[in-house]
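# Structural overview
Okay, here's what each chain looks like letter by letter:
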Amino acid sequence: MELFISAFVYVLAALLPMVNPLSGSVFFVSLTSDLSERQRAWLAGRVAVYSFLMIEVSVYIGVFILNFFGISIDVLRVAGGLVLACAGWSAINSAEDNKKKRQASEEKSFDGSTDEFKRRAFFPLTMPLMVGPGAMSVCTALGTTMPSTVPDILGMNAAIIVNCLAVWISFRYSDQITKRMGASGADAVVKIFSFILI
């Protein structure tokens, strides 16, 4: 039980700042402003499922993909860290650009087709918003460094499920979250998590 809890806490602490569901919910509201509440609920569930699948693939198959292309885990960590630092710095210093992008996304029409839903659920809402290069590098590192005992594997998968549940809850109730935070609070949350990434 101790191994399960330690693995659960370790993986959750590693993944949660990378995936960052709370900050992602702010962007989710902006990117889905043209959709109804029911459509957003459908997208929230689909993004959570896609996030789970991508994290699991990165954890269990990521190392084989790296070996196929001859990339070491240390190189991936450095590259992922640089990507995260650049993304965090860019998010902190480009508030006006983000506002313009949000306004542009609000002006786009949406035909409500299932294919369009699926495309939007995967890109950009799942990748790179939720599971970007940084999160994928963390998942691959976890897959190569975590012990292969049953409690560790169960703890890791439980943490991944909790993380994806947090994504679903944050996206499903993103309207209420952003209303409670307010515009300035939402911007502050984005900047705080962006600073953490740096």
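Higher on the page you've got the structure.
Rules used throughout
- Residues numbered from 1 in each chain as written.
- Predicted model: local features only at pLDDT ≥ 70, side-chain atom pairs only at ≥ 80, totals over all residues.
- Heavy atoms only, no water.
- Helix = DSSP H or I, 4+ residues; strand = E, 2+ residues; numbered from the N terminus.
- Contact = heavy atoms within 4.5 Å.
- Salt bridge = Lys/Arg side-chain N within 4 Å of Asp/Glu carboxyl O.
- Buried < 20%, exposed > 50% of the residue type's maximum accessible area, 1.4 Å probe, protein only.
- Patch = residues over 30% accessible without salt bridge, like charges linked within 9 Å, V, L, I, M, F, W, Y side chains within 5 Å.
- Areas by Shrake-Rupley, 256 points an atom, 1.4 Å probe, with all protein chains shown as cover.
- Core = buried A, V, L, I, M, F, W, Y, C linked by side-chain atoms within 4.5 Å.
- Phe/Tyr/Trp six-rings, centres within 6.5 Å; stacked < 30°, edge-to-face > 60°.
- Disulfide = S-S within 2.5 Å.

Below, the discussion takes up the overall build of the protein chain. Scanning the protein chain from terminus to terminus reveals ten helices and zero strands. In the protein chain, the succession of α and β elements from N to C terminus is α-α-α-α-α-α-α-α-α-α. In the protein chain, 91% of the contacts between residues at least 6 apart in sequence involve partners at least 24 apart.

The full count for this structure, using the stated rule, is one salt bridge. Asp175 is paired through a salt bridge with Arg40; the nearest N and O atoms lie 2.4 Å apart. Residue Asp175 is found in helix α10 (residues 174–197), and its partner Arg40 is found in helix α3 (residues 37–60); the two are separated by 135 residues along the sequence. For Asp175, a relative accessible area of 26% puts it in the partly exposed group.

This brings us to a nonpolar patch on the surface. On the surface, Val57, Tyr60, Ile61, Phe64, Ile65, Phe68, Phe69, Ile71, Val75 and Ile153 cluster together into a nonpolar patch covering about 980 Å² of accessible area. The set of elements that each furnish at least two residues to the nonpolar patch consists of α3 and α4 (62–69). Sort the elements by how many residues they give to the nonpolar patch and α4 lands first, with four residues. When its relative accessible area of 35% is taken as the criterion, Tyr60 is described as partly exposed.

What follows is about helix α2 (residues 21–31). Buried residues dominate α2, accounting for eight of its eleven residues. Of the residues making up α2, those classed as buried are Pro21, Ser23, Gly24, Ser25, Val26, Phe28, Val29 and Ser30.

Our focus in this paragraph is unusual backbone geometry. Glycine aside, residues mostly have negative phi, and peptide bonds are mostly found in the trans state. Phi is positive for Asn20, close to 55°, though the residue is something other than glycine. Since its relative accessible area comes to 9%, Asn20 is described here as buried.

Turning next to the nonpolar core. Val11, Leu15, Val47, Ile55, Met130, Ile160 and Phe171 are the most contacted members of the largest nonpolar core, which totals 29 residues. Of all the elements in the fold, those that place two or more residues in this core are α1 (2–19), α3, α7 (114–130), α8 (133–145) and α9 (150–172). Those residues in contact with Phe171, other than ones at most four positions away along the chain, are Pro21, Gly24, Ser25, Phe28, Ala44, Val47, Leu129 and Met130.

Here we take up the packing of aromatic side chains. With the rule as written, the count across this model stands at five aromatic pairs. Look at Phe4 and Phe8: their rings are 6.4 Å apart centre to centre, the planes differ by 15°, and that puts the pair in the stacked class. In this pair, Phe4 and Phe8 are both assigned in helix α1, four residues apart and thus about one turn of the helix distant. When the centroid spacing of 6.3 Å and the interplanar angle of 80° are considered together, the rings of Trp168 and Tyr173 count as edge-to-face. You can call Trp168 partly exposed: its relative accessible area is 31%.

Enumeration according to the criterion identifies zero disulfides in this entry. We note that Cys139 lacks a disulfide partner, and the nearest cysteine sulfur, in Cys164, lies 9.0 Å from it. The exposure class of Cys139 is buried, given its relative accessible area of 0%. Here Cys164 falls in the buried class, since its relative accessible area comes to 6%.

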